[in-house]
Amino acid sequence: MSHPECMYCAADERQAKLMIEIAPLSVSTLYLFREQTYRGRVLVALNHHEREMFLLPEDTRNALMADVAKAAQAVEQAFKPGKINYGAYGDTMPHVHFHIVPKYEGGEQWGSTFVMNPAQVYLSDEEYAGLIEQIRAQL
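A.B. asks: So, unusual backbone geometry: which residues are in play, and what are the values?
C.D. replies: Unusually for a residue other than glycine, Ala11 sits at a positive phi of about 45 degrees. One can find Ala11 in the loop between helix H1 (7-10) and helix H2 (13-18). According to the relative accessible area criterion, Ala11 is exposed, its value standing at 51%. Its identity as a non-glycine residue notwithstanding, Gln109 has a phi of 55 degrees, on the positive side. Within the fold, Gln109 resides in the loop between strand E5 (97-103) and helix H4 (125-136). Owing to a relative accessible area of 24%, Gln109 belongs among the partly exposed residues under this scheme.

A.B. asks: Lay out the pairing of strand E1 (residues 19-24) in plain terms, naming residues and giving numbers.
C.D. replies: As judged from the five bridges shared by E1 and strand E2 (residues 28-33), these two strands associate in the antiparallel manner. Looking at E2, one finds that Pro24 is bridged to Thr29. Following E1, the chain reverses through three residues before pairing antiparallel with E2.

A.B. asks: So what about the sheet that holds E5? Which residues, and what values?
C.D. replies: Backbone hydrogen bonds hold the strands of a sheet together, and the pairing may be parallel or antiparallel. In spatial order, the strands read E1-E2-E3-E5-E4; together these five strands make up an open sheet with antiparallel pairing. If you trace the sheet from one side to the other, it starts and ends with E1 and strand E4 (83-87), each paired once. The sheet shows a mean angle of 25 degrees between the axes of neighbouring strands, taken without regard to direction. Pairing between E2 and strand E3 (residues 42-46): five bridges, direction antiparallel. Each bridged residue has a counterpart across the sheet, and for Leu32 the counterpart in E3 is Val42. Across the sheet, H4 is in contact with E1, E2 and E3; its angle to E1 comes to roughly 25 degrees.

A.B. asks: If you had to explain the packing of aromatic side chains to someone new, which residues and values would you point to?
C.D. replies: Under the defined criterion, the tally for this structure stands at two aromatic pairs. What links up through ring pairs into an aromatic cluster is the set Tyr38, Tyr89 and Phe114. It is Arg34 that lies over the ring of Tyr128; its NZ or CZ is 5.6 Å from the centre. Cation over ring: Arg41 sits above Phe33, and NZ or CZ is 3.9 Å from the ring centre.

A.B. asks: Which residues make up the pattern of salt bridges, and what are the values?
C.D. replies: Tallied over the entire structure, the rule returns two salt bridges. Notably, a salt bridge pairs Arg14 with Asp12, separated by 2.9 Å at the nearest N-O pair. Arg51 is the partner of Glu52 in a salt bridge, and the nearest nitrogen-oxygen pair spans 3.0 Å.

A.B. asks: Please set out the packing of helix H3 (residues 58-79) against H4 residue by residue, giving values where relevant.
C.D. replies: Put simply, H3 and H4 touch, their axes get as near as 8 Å, and they point 115 degrees apart. Considering the angle they form, H3 stands roughly perpendicular to H4. Regarding H3 and H4, the two cross each other, and that crossing is right-handed. The residues of H4 that touch H3, namely those facing Ala74, Ala78 and Phe79, are Leu131, Gln134 and Ile135. By residue class, the composition of the contact of H3 with H4 is five nonpolar, one polar and no charged.

A.B. asks: Could you give an account of the pairing of E3, with specific residues and numbers?
C.D. replies: Where burial is concerned, most of E3 is hidden: five out of the five residues are buried. Of the two faces of E3, the one carrying Val42, Val44 and Leu46 and the one carrying Leu43 and Ala45 are both buried. In the sheet, E3 pairs with E5 via four bridges, with the strands oriented antiparallel. Counted as the bridge partner of Val42 is Ile100 from E5.

Cut-offs applied
Residues numbered from 1 in each chain as written. Predicted model: local features only at pLDDT ≥ 70, side-chain atom pairs only at ≥ 80, totals over all residues. Heavy atoms only, no water. Helix = DSSP H or I, 4+ residues; strand = E, 2+ residues; numbered from the N terminus. Buried < 20%, exposed > 50% of the residue type's maximum accessible area, 1.4 Å probe, protein only. Pairing = 2+ DSSP bridges. Axes fitted to C-alpha atoms, helices over the stretch in contact; angles between N-to-C directions. Contact = heavy atoms within 4.5 Å. Phe/Tyr/Trp six-rings, centres within 6.5 Å; stacked < 30°, edge-to-face > 60°. Lys NZ or Arg CZ within 6 Å of the ring centre and 35° of its normal. Salt bridge = Lys/Arg side-chain N within 4 Å of Asp/Glu carboxyl O. Parallel < 35°, antiparallel > 145°, perpendicular 65-115°, else oblique. Left-handed = near helix turned anticlockwise from the far one by under 90°. Nonpolar A, V, L, I, M, F, W, Y, C, P; charged D, E, K, R; others polar.

Structure (structure tokens):
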């Protein structure tokens, strides 16, 4: 069931302001975060609305985690970060999704928690397309 108040379900301008679709995965969709303080930051969102991981059937939960791992591996191969951080929040957007945040030694917040919306680095359409191409090549 769709939830119009949810930007992942509505796929409207709220979502378009924050992210760009990269590719569909098995039970989720992979998006590039527009804010690129953490070069290669992506998000994996479940394709149907659910608010908690434990409410997912086991096969869906396992497929989602495989999607998260696949996306993280693609980011790792494309950008060679020092570490990948993962975030699964939802206080203000209760739809199961995972932030995949590459961290670079000596870079922003290395050694601490990533900032959700640092609003520091935005790219041109061509630069976004280049990042997306690098990630897609590794999927």
